[in-house]
Amino acid sequence: MTSFALTNHPSFPGIQGPLLLVIMDGVGLYQGKNEGYPGNAVDLANTPNLDRLFKERLFTTLKAHGTAVGLPSDGDMGNSEVGHNAMGAGRVFDQGAKLVTNALADQSLFDGQAWKEISQVAKEKHTLHFLGLLSDGNVHSHQDHLEAILRRCNEEDLPTVRIHTLLDGRDVGERSAEIYLERLETTLQGYRDKGRDYRIASGGGRMVVTMDRYEADWSMVERGWRTHVAGEGPAFPDAMTALQSLREQYPEKIDQDIPAFVIVDEEKKPVGAIQDGDAVVYFNFRGDRAIEISRAFTEETFDKFERKPNPKVTYAGMMEYDGDLNIPPRYLVAPPAINRTVSEYLARNNIPQYAISETQKFGHVTYFWNGNNSEKFSKDFETWVEIKSDVIPFEQKPEMKALEIKETLLAALREGKHRFYRVNFANGDMVGHTGVLDAAVKAVETVDQCVGELEAAIKELGGTLVLTADHGNSDQMVEVDKKTKQAKLRNGKPIPKTSHTLNPVPLVVTGSGVDAVNLSELKQPGLSNLAATLLFLLGYDKPEGYDPSLLEG
């Protein structure tokens with residue numbers, strides 16, 4: 001049985017006041033000092049508080065991408081899921097992208113019971129449907145994974161396959177869908193030449209259909225259901241024609257916002273509506289935007305929208321997206337078994353903690369922070385507060401709910417019922433994903449204002465502030481040519497960048513009780529060092545196996 005006893009730190013007794021962790025989602029530090037680079041919203045913003053804090057004695061930068069957060073390579077950008085996992089877990093676990101890649105490489109994915117059940121349905125002449133994000137962004141999915149499974153489908157003589165493609169434009173270039181659709185169509189044509197009936201059946205932008213999260217907008221999932229399951233929507237003979245036509249009709253929309261479309265045959269009938277007896281695989285590996293559509297396919301008493309039609313299918317996720325709630329019950333690859341998170345240590349030792357964010361990032365400071373657990377470790381010693389996000393394009397209100405979050409958190413700090421507080425400000429990431437530079441600048445300025453007020457309150461309360469981010473995004477809002485290092489242009493204007501970055505993130509510790517504390521001399525500090533740092537500030541030594549603290553007494 002695991003012991004959750006905490007040992008007092010041998011040289012540091014801990015701070016006296018409250019400990020506040022502020023996570024500025026998507027606020028990285030661009031490497032290059034703006035040399036010819038016009039798109040750094042973090043530097044372009046008026047940020048007197050961040051400017052001052054980044055000059056603090058206890059300031060450093062943390063690696064927040066690649067192998068430092070459990071991804072396959074250092075060419076993989078970080079994301080909020082793996083970032084919060086690493087921060088909360090205190091060490092690095094192989095994440096979904098790497099786990100799926102490995103399971104495909106050693107073929108263990110196909111040895112599992114879930115694949116055997118899916119495969120058997122297809123062998124019985126039912127259609128096998130694959131639904132997911134079509135790109136190589138490696139944040140929610142990777143096209144290589146889909147293509148590896150398609151190869152297996154062909155090897156097993158599975159006759160009929162349909163692909164329901166969610167367009168990205170968020171983790172990859174904002175208008176890059178042609179690349180992925182052409183690649184997939186070429187692959188599928190190769191199988192059709194061998195006598196297989198493998199086709200794209202439907203699609204649409206990821207921020208329009210299917211990929212909602214944290215129940216922010218169930219209408220997205222309902223729209224996906226009508227598109228993928230019922231085969232209802234604007235009809236086109238193939239996906240490339242659909243994309244080109246919709247681009248012409250909506251020239252202002254980038255890939256993530258492309259309306260839903262359905263592929264039809266010569267008789268104008270959908271080629272891939274999902275029928276009774278079919279099998280469906282959701283091939284995204286990341287959980288937050290996979291849970292709602294999985295619930296719609298698997299829950300008998302589902303009441304979020306009317307499932308019309310409501311076919312009985314054999315459904316599997318690429319992974320188990322929620323281990324507590326077993327969503328979905330059938331999955332192809334086991335998720336990372338994250339245990340002994342810092343939240344669990346605090347809860348088992350009766351140390352009150354408080355987590356707050358708005359809907360768009362609420363699951364990150366709760367579910368992902370707690371090691372992919374949707375339930376609290378202790379109802380008595382964990383308080384979770386969700387501020388409902390607005391259902392509007394983020395660039396239209398770059399302040400999002402930051403000011404409401406800040407006011408709610410200030411009230412909680414002054415109430416003084418908790419020892420450790422954590423907050424996520426979503427602005428730098430969610431607005432950064434829109435590609436609208438001016439809005440991202442405003443988003444960062446809003447976060448700066450909130451940080452300043454929270455810092456002042458923490459000082460007043462005799463507490464300590466830890467400031468960081470989970471990955472970069474708003475620090476690079478313009479695509480750059482890797483060779484020339486200059487901004488890429490389209491029609492004479494810089495091409496917006498909507499994806500995350502490979503840049504490090506800031507780490508600042510300031511407030512009462514840390515005058516005698518110094519930064520540890522770690523070679524490549526990363527997000528996983530944060531948990532031991534928080535425990536250090538609370539006066540505890542790091543648990544066995546945790547990565548070292550960023551601070552020393």
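Residues numbered from 1 in each chain as written. Predicted model: local features only at pLDDT ≥ 70, side-chain atom pairs only at ≥ 80, totals over all residues. Heavy atoms only, no water.

Asks: Explain the side chain of His433 to me, please; I cannot follow it from the model alone.
Replies: Mapped onto the fold, His433 is located in the loop between α14 (427-430) and α15 (437-460). If we skip the residues at most four places from it in the chain, His433 touches Arg170, Asp171, Gln256, Asn473, Thr498, Ser499 and His500. (Helix = DSSP H or I, 4+ residues; strand = E, 2+ residues; numbered from the N terminus. Contact = heavy atoms within 4.5 Å.)

Asks: How should the pattern of salt bridges be read in this particular structure?
Replies: Side chains carrying opposite charge are able to pair once their charged atoms draw close together. Applying the stated criterion across every chain yields a total of 35 salt bridges. For Glu117, the salt bridge is made with Arg330, and the minimal N-O distance between the two is 2.6 Å. With Glu117 in helix α5 (residues 113-123) and Arg330 in the loop between β9 (314-319) and β10 (331-333), this pair connects stretches of sequence that are 213 residues apart. Overall, Glu117 belongs to the partly exposed group, its relative accessible area being 29%. (Salt bridge = Lys/Arg side-chain N within 4 Å of Asp/Glu carboxyl O. Buried < 20%, exposed > 50% of the residue type's maximum accessible area, 1.4 Å probe, protein only.)

Asks: Help me out: how do you make sense of the layout of surface pockets in this one?
Replies: Gaps between atoms show up when a probe of the same size as a water molecule is rolled over them. A volume near 1000 Å³ is recorded for the largest pocket. Lining the largest pocket are 32 residues, with Glu479, Val480, Lys482, Lys497 and Ser499 sitting closest to its centre. Considered class by class, the residues forming the lining of the largest pocket number seven nonpolar, 12 polar and 13 charged. Approximately 690 Å³ is the volume attributed to the second largest pocket. Lining the second largest pocket are 31 residues; nearest its centre among them are Met207, Asp257, Ile392, Pro393 and Phe394. Of all the elements, helix α8 (residues 218-229) adds the most residues to the lining of the second largest pocket, at three residues. Residue composition of the lining of the second largest pocket, grouped by class: 12 nonpolar, six polar and 13 charged. (1 Å grid on protein atoms, 1.4 Å probe; cavity = no way out; pocket = protein on both sides within 12 Å on 5 of 7 lines; lining within 4 Å. Points joined across faces, edges and corners; volume = space filled by probe spheres on them. Nonpolar A, V, L, I, M, F, W, Y, C, P; charged D, E, K, R; others polar.)

Asks: Is there a simple way to think about the side chain of Ser135 in this case?
Replies: Secondary-structure assignment places Ser135 in the loop between β3 (128-134) and α6 (143-155). The exposure class of Ser135 is buried, given its relative accessible area of 0%. Excluding its chain neighbours within four sequence positions, the residues that come into contact with Ser135 are Ser141, His142, Gln143, Asp168, Val172 and Tyr180.

Asks: Whenever I open this one, the packing of α6 against helix α7 (residues 177-192) confuses me. Can you help?
Replies: Packed helix pairs are characterised by how far apart their axes lie and by the angle those axes make with each other. Close contact between α6 and α7 brings their axes to 11 Å; oriented N to C, the two are set at 10 degrees. As the angle between them shows, α6 and α7 are arranged roughly parallel. Here α6 contributes Gln143, Asp144, Leu146, Glu147, Leu150, Arg151 and Asn154 to the contact with α7, which in turn contributes Tyr180, Arg183, Leu184, Thr187, Leu188 and Tyr191. Among the residues making up the contact of α6 with α7, the classes are represented as six nonpolar, three polar and four charged. (Axes fitted to C-alpha atoms, helices over the stretch in contact; angles between N-to-C directions. Parallel < 35°, antiparallel > 145°, perpendicular 65-115°, else oblique.)

Asks: Just to check I follow, could you spell out the nonpolar core for this structure?
Replies: It is characteristic of soluble globular proteins that their nonpolar side chains tend to be buried jointly. In this structure, Trp115, Leu128, Phe130, Phe297 and Met318 are the most contacted members of the largest nonpolar core, which totals 121 residues. Once you skip the residues sitting within four places of it in the chain, Phe297 turns out to touch Leu131, Trp225, Val229, Ile274, Val280, Val313 and Tyr315. (Core = buried A, V, L, I, M, F, W, Y, C linked by side-chain atoms within 4.5 Å.)

Asks: What am I meant to see in helix α9 (residues 239-249) here?
Replies: An α-helix turns once every 3.6 residues. As a result, residues three or four positions apart point the same way. Within α9, burial applies to Ala239, Met240, Ala242, Leu243, Leu246 and Arg247. Down the axis of α9, the smallest arc covering the buried residues is 160 degrees, so these residues share one side. Turned more than 90 degrees off the buried face of α9, the exposed positions are Glu248 and Gln249. Each element contacted by the buried residues of α9 is listed here: β4 (160-167), α7, β5 (197-205), β6 (235-236) and β7 (261-263). Two or three places before Met240, at the opening of α9, Asp238 has a side-chain oxygen 3.2 Å from that residue's backbone nitrogen. (Arc of directions from axis to C-beta. Polar contact = N/O pair within 3.5 Å; in protein donor to acceptor, adjacent residues only side chain to side chain.)

Asks: Just checking my understanding: could you explain the sheet that holds strand β17 (residues 505-511) for this structure?
Replies: The strands making up a sheet are joined through hydrogen bonds of the backbone, oriented either antiparallel or parallel. Taking strand neighbours across the sheet as the criterion, the seven strands line up as β2-β17-β14-β1-β13-β11-β12 in an open arrangement whose pairing is mixed. Each of the sheet's edge strands pairs with one partner strand only, and the pair in question is β2 (59-62) and β12 (382-387). The average angle at which neighbouring strand axes cross in this sheet is 15 degrees, direction not considered. (Pairing = 2+ DSSP bridges.)

Asks: Quick question: what am I supposed to make of empty space enclosed by the protein here?
Replies: Counting across every chain of the model gives five cavities of 30 Å³ or more. Its volume calculated, the largest cavity comes out at about 70 Å³. Lining of the largest cavity is provided by 13 residues; of these, His140, Arg213, Arg286, His433 and His500 occupy positions nearest its centre. Considering only enclosed or pocket space, the second largest cavity measures out at about 50 Å³ in volume. Glu358, Asp390, Ile392, Phe394, Lys397, Met400 and Lys401 are the residues that line the second largest cavity. Residues that form the lining of the second largest cavity fall into these classes: three nonpolar, no polar and four charged.

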